Amino acid sequence: MSNLCVAKFGGSSVANYEAMQNCANVVLGNPATHVVVLSASSGVTNLLVELANGQLDKEGQEAVIQKIIAIQENILEGLGHPKEITEEIEKHIKDIRALAHEASMQTNTALVDRIISNGELMSTKLFTELMKQRGVKACWFDVRKVMRTDSVFGRAAPIIEVIRTQAGQELANLVKDHIVITQGFIGANAEGRTTTLGRGGSDYSAALIGEAIDASEVEIWTDVPGIYTTDPRLVSTAHPIPELTFDEAAEMATFGAKVLHPATIQPASRRNIPVFVGSSKNPAAGGTWIRTETQSKPTFRAVAMRKDQVLLTLKSFKMAGACGFMATIFGIFAKHGLSVDLVTTSEVSIAITVDNGFSGGNSDGKSSLSDALLNDLREVCNVTVEEGLTLIAIIGNDMSYSTGTGSKVFSAIFDVNVRMICYGASLHSLCFLVDAKDGDEVIKRLHVHLLD
Ligand code: ADP
Ligand code: ASP
Ligand code: MG
């Protein structure tokens, strides 16, 4: 493994000129950093999604475009409006304007991806210029040359072998004597059409690139100094966790710790690449190291919450004593490309949760739970759909082998209605569903009882 670090900076880290200067300091502070992966500047993807959804009239579109221009202008001003890069940004704005008009006539997921990819394309061009102005041999790199995905626009899946081959051909030499600046979140299918990995996908991009070039480390620089015991915006006593295992971090990301995209840990753990999470504004504050092994293995490490969960209860009297009902059900989910989260079963029914929120939705923010899927399910069983639920996850170690885990958790929330519980499949998590209105309170109470 080479001594090569991939550093990813999120939206707030590249929100404006000053924030971008902090990123440059971080990159220059680690001589091993030769690949920089960026998100769009904070707010830009949301604005582009508004345009891409095609609901705005001409005036509405222009108002949104002006907001996007203002964000780019702040950075261009700091850079002193160099001619070449100013023209490049103008070209993107022109492109956005034309595509937004097209979307307002009729939009589709491929068009959405073309529009929203402009956020990352612009932030990386601006940051490359900033690095050059700091005397760095930096080069802008179009990630679509390596980030091959399938054609599921809006939540495309990476094709790992192709990414590795392409990275060997297109990136390996470049990183030897350049700092390569490239886009998170976006990719391209076999025909070269632009795709996206789903909201928050830049973390995943960084880990995928790290895997493809055999990096020695992946750094995720964000607006908090590490992964906390729970979202610090919700619980003021939450504290950073110095080290986490890949397993724990994967469970946290999957079950709602927004600081990492749910799939980020997969490439890192496949190749055993340590991942660091820290604050680009305050790198000296330290952060979280995610590795195969950690020194401490507490039963309770963190609590996380994922909103907008849908519970499907599938009932069939044919299920009793019969074989193959589960296979049929999971086959239907597979056919519709939807992943199933929590599952519990009884004699004649299966309860399944589906993530309809930020991490489960597509890049355009639309639900992935389609009528077509529900109709297919109704062909084989009775379907009840319950919305407005929140998934609570307690993350830790050897949970299902520690006496009293359940009573410690549920005594803290004895007066809350628990709709479904999943426990035992993983040593690292205990998950359950509560009504959306109880979510925040449950997290706060669990933090006091298990982690303060
Ligand atoms: P970026 O734009 O850098 O990708 P995100 O907004 O996606 O940043 O993720 C950082 C945010 O994640 C934090 O500001 C914090 O509110 C939220 N968050 C949720 N859970 C956690 C957690 N357990 N630890 C740290 N941050 C968390
Ligand atoms: N810009 C994309 C988003 O806002 C990807 C990312 O930031 O990770 O979802
Ligand atoms: Mg993020």
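For every chain, the first residue of the written sequence is number 1, and numbering continues from 1 along that sequence. To read the labels, note that chains go from A and ligands from 1, taken in the order they are written. Where local features are concerned, this predicted model is filtered to residues with pLDDT of at least 70; where side-chain atom pairs are given and counted, the filter is 80 or more; whole-chain, interface and lining totals use all residues. For side-chain calculations, the full set of non-hydrogen atoms in the structure is used, while hydrogens and water are omitted.

### With respect to the side chain of Asp 142
Note that Asp 142 resides in the loop between strand 3 (138-141) and helix 6 (160-170). Residue contacts are defined here by distance: any two heavy atoms, one from each residue, within 4.5 Å place the two residues in contact. Once you skip the residues sitting within four places of it in the chain, Asp 142 turns out to touch Thr 182 and Gln 183. Counting from the N terminus, the helices are DSSP H or I runs at least four residues long and the strands are E runs at least two residues long.

### What about unusual backbone geometry?
Phi is positive for Phe 185, which is not a glycine, with a value near 75°. Its location among the elements puts Phe 185 in the loop between strand 4 (179-183) and strand 5 (186-188). The rule is simple: take the accessible area with a 1.4 Å probe, protein chains only, and divide by the maximum for that residue type; under 20% is buried, over 50% is exposed, in between is partly exposed. We classify Phe 185 as buried; its relative accessible area is 2%. We note that Asn 272 has phi near 55°; this positive angle belongs to a residue other than glycine. Counting through the fold element by element, Asn 272 comes out in the loop between helix 10 (265-270) and strand 9 (275-279). Asn 272 sits in the partly exposed class, given a relative accessible area of 45%.

### Side note on the packing of aromatic side chains
Only Phe, Tyr and Trp rings take part, Trp by its six-membered ring, and two of them pair if their centres are within 6.5 Å. Stacked means planes under 30 degrees apart, edge-to-face means over 60, and tilted covers everything else. Tallied over the entire structure, the rule returns four aromatic pairs. Their ring planes at 15° and their centres at 6.5 Å tell us that Phe 9 and Trp 221 sit as a pair that is stacked. Taken together, the positions of Phe 9 in strand 1 (residues 5-9) and Trp 221 in strand 7 (residues 217-222) put the pair 212 residues apart, joining distant regions of the chain. Summarising the burial analysis for this pair, Phe 9 and Trp 221 share the class buried. Seen from their ring centres, Phe 276 and Trp 289 are 5.1 Å apart, and the 55° between their planes marks the pair as tilted. Linking Phe 276 in strand 9 with Trp 289 in strand 10 (residues 287-291), this pair joins segments that are 13 residues apart in sequence. Note on Phe 276: relative accessible area 9%, which makes it buried.

### Observations regarding the site of ligand 1
For this description, a residue counts as near a given molecule or strand if any of its non-hydrogen atoms is within 4 Å of it. Inspection of the region around ligand 1 gives 17 residues, with Thr 222, Tyr 228, Asp 231, Arg 233 and Lys 258 positioned closest. Between ligand 1 and Gly 11 there is a distance of 3.2 Å, counted from an oxygen atom to a backbone nitrogen or oxygen. For this analysis, a polar contact is any N or O atom pair within 3.5 Å, provided that within protein one partner can donate a hydrogen and the other can accept it, and provided that sequence-adjacent residues contribute only side-chain to side-chain pairs. Between an oxygen atom of ligand 1 and a side-chain N or O atom of Lys 258, the distance comes to 2.8 Å. Protein contacts shield 89% of the accessible area of ligand 1, which totals 570 Å² for the unbound molecule. All residues other than Ala, Val, Leu, Ile, Met, Phe, Trp, Tyr, Cys, Pro, Asp, Glu, Lys and Arg, Gly among them, are scored as polar; the first ten of these are nonpolar and the last four charged. For the shell around ligand 1, the per-class residue count stands at seven nonpolar, five polar and five charged. Note on areas: these come from Shrake-Rupley sampling with a 1.4 Å probe, and a residue is covered only by the protein chains present in the view.

### Comments concerning empty space enclosed by the protein
Here a cavity denotes grid points, spaced 1 Å and computed from the protein atoms alone, that fit a 1.4 Å probe unable to get out, and a pocket denotes an open set having protein on both sides within 12 Å along at least 5 of 7 lines; residues with an atom within 4 Å of a point are the lining. Grid points are joined across faces, edges and corners, and a volume is the space filled by probe spheres set on the points. Summed over all chains, the structure comprises one cavity of 30 Å³ or more. There is about 40 Å³ of room inside the largest cavity. Considering only residue class, the lining of the largest cavity consists of two nonpolar, four polar and two charged.

### Let's talk about the sheet that holds strand 4
Across the sheet, eight strands lie side by side as 3-4-2-1-7-9-10-8; this open sheet has mixed pairing. Of all strands in the sheet, those bounded by a partner on one side alone are strand 3 and strand 8 (243-245). For this sheet, the mean angle separating the axes of adjacent strands, direction not counted, is 20°. A pair of strands is considered paired only if DSSP assigns at least 2 bridges between the two. In this description, a line fitted to the C-alpha atoms serves as the axis of each element, helices being fitted only across the stretch in contact, and the angle between N-to-C directions of two axes falls anywhere from 0 to 180 degrees.

### A word on the nonpolar core
Among the buried residues, those of types Ala, Val, Leu, Ile, Met, Phe, Trp, Tyr and Cys that are joined through side-chain atoms within 4.5 Å form a nonpolar core. In this structure, Phe 9, Phe 127 and Ile 290 are the most contacted members of the largest nonpolar core, which totals 103 residues. Sorting elements by how many residues they give to this core places helix 5 (residues 109-133) first, with ten residues. Excluding its chain neighbours within four sequence positions, the residues that come into contact with Phe 127 are Met 20, Cys 23, Ala 24, Val 36, Leu 38 and Ile 181. Counting 22 residues, the second largest nonpolar core, distinct from the first, contains Ala 238, Val 409, Ile 443 and Leu 450.

From the geometry alone we can't say anything about function, so treat these as descriptive.
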